[in-house]
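# Close look at the chain arrangement
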Amino acid sequence: MPTVIPVKFTYAARDLWFSPAGTGAQEGDHVICQTERGREIGLATADAREVSEEELAATIGHAALRDVVRIATEDDLARAERLARRGEESMPAFRRHVKESGLDMKPVGVEYLFDGEKAVCYFAAEERVDFRQLVRDLSREFHVRIDMRQIGVREEAAIVGGYGHCGQELCCRRFATGFDPVSIRMAKEQDLPLNSTKISGACGRLMCCLRYEFEAYRDFKGRAPKRNAVIDTPLGKGKIVEYDTPKEQIVLRLESGKQIRVALADMTASEAAHKKSEELGCPCRPDTVTREVLDRLESPDVQMALAELDRKMGVLPEQGPDASDIFVEPKRKRRRPSNGAPAGEKGPQGDKNARREASGAPSGDEAPARRRRKRRPGDGGGAAAPAPAHMAPEAGAGSAPARRRRHHQAAEGAAEAGASAGGQQPVKRTRRPGDKGGQAEKGSQPRGMQPSRKKRAQQQGKAGEQHGPQATRQQGGDDASKPRRRRRRGGRGRGGAGADGGAPAGE
């Protein structure tokens, strides 16, 4: 059996086989090989191995198996680098001559063989090109023998290189050993969008990778039920809406609208499916999903549907309402604990108990719970009622006077002066939000609920009869001191008379 070693060249689309000829070349070595064009330097892509005669004939055909001359040395690598740099410098001249000749071709590259006596110019063209005059011009320019080589767009992409839609290096540049035909049917079989920009590669042709999974897709669709077929399940009928070929799964849409994924290997074929396949002479396709398959699915919706189905079939008992769902146990109120100070110590709770014992009221835990006063409209923000007599602190020599605000002290002084003149006790006014700086009387109603001007005049008259003319005069003076607000009402007449017939302002 012959022994071969594959070698990759820069401007070759596939690996070429050579005989090691006792050189001991291994994978990753640069070797000098004798080709039909002369000596060239290449890279061994694999170790030497034995092949059969049939495989060798299918690969190289009727060509003779050539030998590897030697493994490249440091001088050979340096020479190859100089030749590669020389080929890059020759590209501008190659493009200039092509443009001057007016030929319909695209220059791709210039390669100098290892001997340095011959240059190969690669170009891409759709049709045959007469380049005889171009060869003469290039020979005078480069002073070497010129060999023109026409290649296709796919070979051009493999030589130039680049990156595909996947973000990786092009397959034809990285590992592909040949260009197999690719058709649009392969894209249809894999359910890919028939958009040329998405399924075309850098060369403008269909991507080579469309061929990689074509056989797997065709095999899966040959064994799976057809799309939109109806499948029997314990939860009713299901319709096939999608394929997941890499995982070999089928997506079913149930009658409830839920979608589930079932493996093709877990589906079974009914007797009707077997009978139909025998009549038509086609492979039998599964059309049933059993209960065991649905029980293995980790889907809460499917499990709830199966439980509901078991209740309807009588497998599971009906669940009645739970008492805990209807009746709610009342929560016990937490009693506020006392400070627990001893009788001998003084503290806030001890002072309160002492005052209660002095007044005869129960102290400690025996005292009834104080109710929280509710806030009502017009109570001025829920002001607390005056403390009872037994709760008031006793004024003594050691007790500090209560701190008061300045404006409250001024208001209380004015109230005491008015009370001394009228013989009444001073009324303490408390400032609250919305009472105009504490000018409103205690217990007055909020804005919008106050009595009208006529009713206030009647109330003042009654108060004057009860407390005497002096109090009436005082109240009248306070009322007169307030500026009257003129109200403009839209009415029936032009004089601005309201609905009450235009009552005079003094009413």
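Nothing here was measured: the structure is a model prediction, and the numbers come from that model.

## Structural notes on the overall build of the chain
Scanning the chain from terminus to terminus reveals 17 helices and 13 strands. Put simply, 52% of the contacts in the chain that link residues at least 6 apart link residues at least 24 apart.

## As for helix α9 (residues 214–223)
The complete set of buried residues in α9 reads Phe 214, Tyr 217 and Phe 220. The buried residues of α9 occupy an angular sector of 135° when projected down its axis, which confines them to one face. Elements in contact with the buried residues of α9: α7 (184–189), β11 (236–244) and β12 (249–254).

## Points about the sheet that holds strand β13 (residues 259–263)
Read across the open sheet, the four strands follow the order β10-β11-β12-β13; overall the sheet is antiparallel. Single-partner strands in this sheet number two, and they are β10 (230–233) and β13. Across the sheet, the mean angle separating the axes of adjacent strands is 45° when strand polarity is ignored.

## Topic: the sheet that holds strand β8 (residues 118–124)
Strands sit in the order β7-β8-β9 across an open sheet of three strands; the sheet is mixed. Two strands in the sheet have a free side with no partner beyond their single neighbour: β7 (106–112) and β9 (145–151). Strand-to-strand twist across the sheet, computed as the mean angle between neighbouring axes with direction ignored, equals 25°. Alignment of β7 against β8, held across six bridges, turns out to be antiparallel. Each bridged residue has a counterpart across the sheet, and for Val 110 the counterpart in β8 is Cys 121. Running over the sheet, helix α3 (residues 91–101) touches β7, β8 and β9 and is turned about 140° from β7.

## Thoughts on empty space enclosed by the protein
Going through the model one piece at a time under the given rule, you end up with one cavity of 30 Å³ or more. There is about 40 Å³ of room inside the largest cavity. In terms of lining residues, the largest cavity is bounded by Lys 8, Thr 10, Ala 12, Ala 13, Ala 158, Ile 159, Cys 172 and Arg 173. Sorting the residues of the lining of the largest cavity by element identifies α5 (153–160) and α6 (171–174) as the ones contributing at least two each.

## Side note on the state of the cysteines
The tally for this structure, following the rule as stated, stands at zero disulfides. Not part of a disulfide, Cys 166 finds its nearest cysteine sulfur in Cys 171, a span of 6.2 Å. On the accessibility criterion, Cys 166 (60% relative accessible area) is exposed. Cys 209 supplies the cysteine sulfur nearest to Cys 171, a cysteine that is in no disulfide, at a spacing of 5.8 Å.

What counts as what
In this numbering scheme, every chain counts its residues from 1 along its sequence in written order. Local features in this predicted model are restricted to residues of pLDDT 70 or higher, and side-chain atom pairs are both shown and tallied only at a pLDDT of 80 or more, whereas totals for entire chains, interfaces and linings draw on every residue. Remark: hydrogens and water are excluded; side-chain values derive from all non-hydrogen atoms of the structure. Counting from the N terminus, the helices are the DSSP runs of H or I reaching at least four residues and the strands are the DSSP runs of E reaching at least two. By definition, residues are in contact when any of their heavy atoms lie within 4.5 Å. Each residue's exposure class comes from its accessible area (1.4 Å probe, protein chains only) as a fraction of the maximum for that residue type: buried when under 20%, exposed when over 50%, partly exposed otherwise. Of all possible arcs, the one meant is that of the directions from the helix axis to the C-beta atoms. DSSP-based pairing: two strands are paired if at least 2 bridges between them are found. For helices, the fitted line uses only the C-alpha atoms of the stretch in contact; every axis is such a line through C-alpha atoms, and the angle between N-to-C directions lies from 0 to 180 degrees. Detection works on a 1 Å grid of protein atoms alone, calling trapped sets that fit a 1.4 Å probe cavities and calling open sets with protein on both sides within 12 Å along at least five of seven lines pockets, with lining residues defined by an atom within 4 Å of a point. Grid points are joined across faces, edges and corners, and a volume is the space filled by probe spheres set on the points. By disulfide we mean two sulfur atoms from cysteines, separated by a distance within 2.5 Å.

In short, the description is geometric, and any link to function would need to be established separately.
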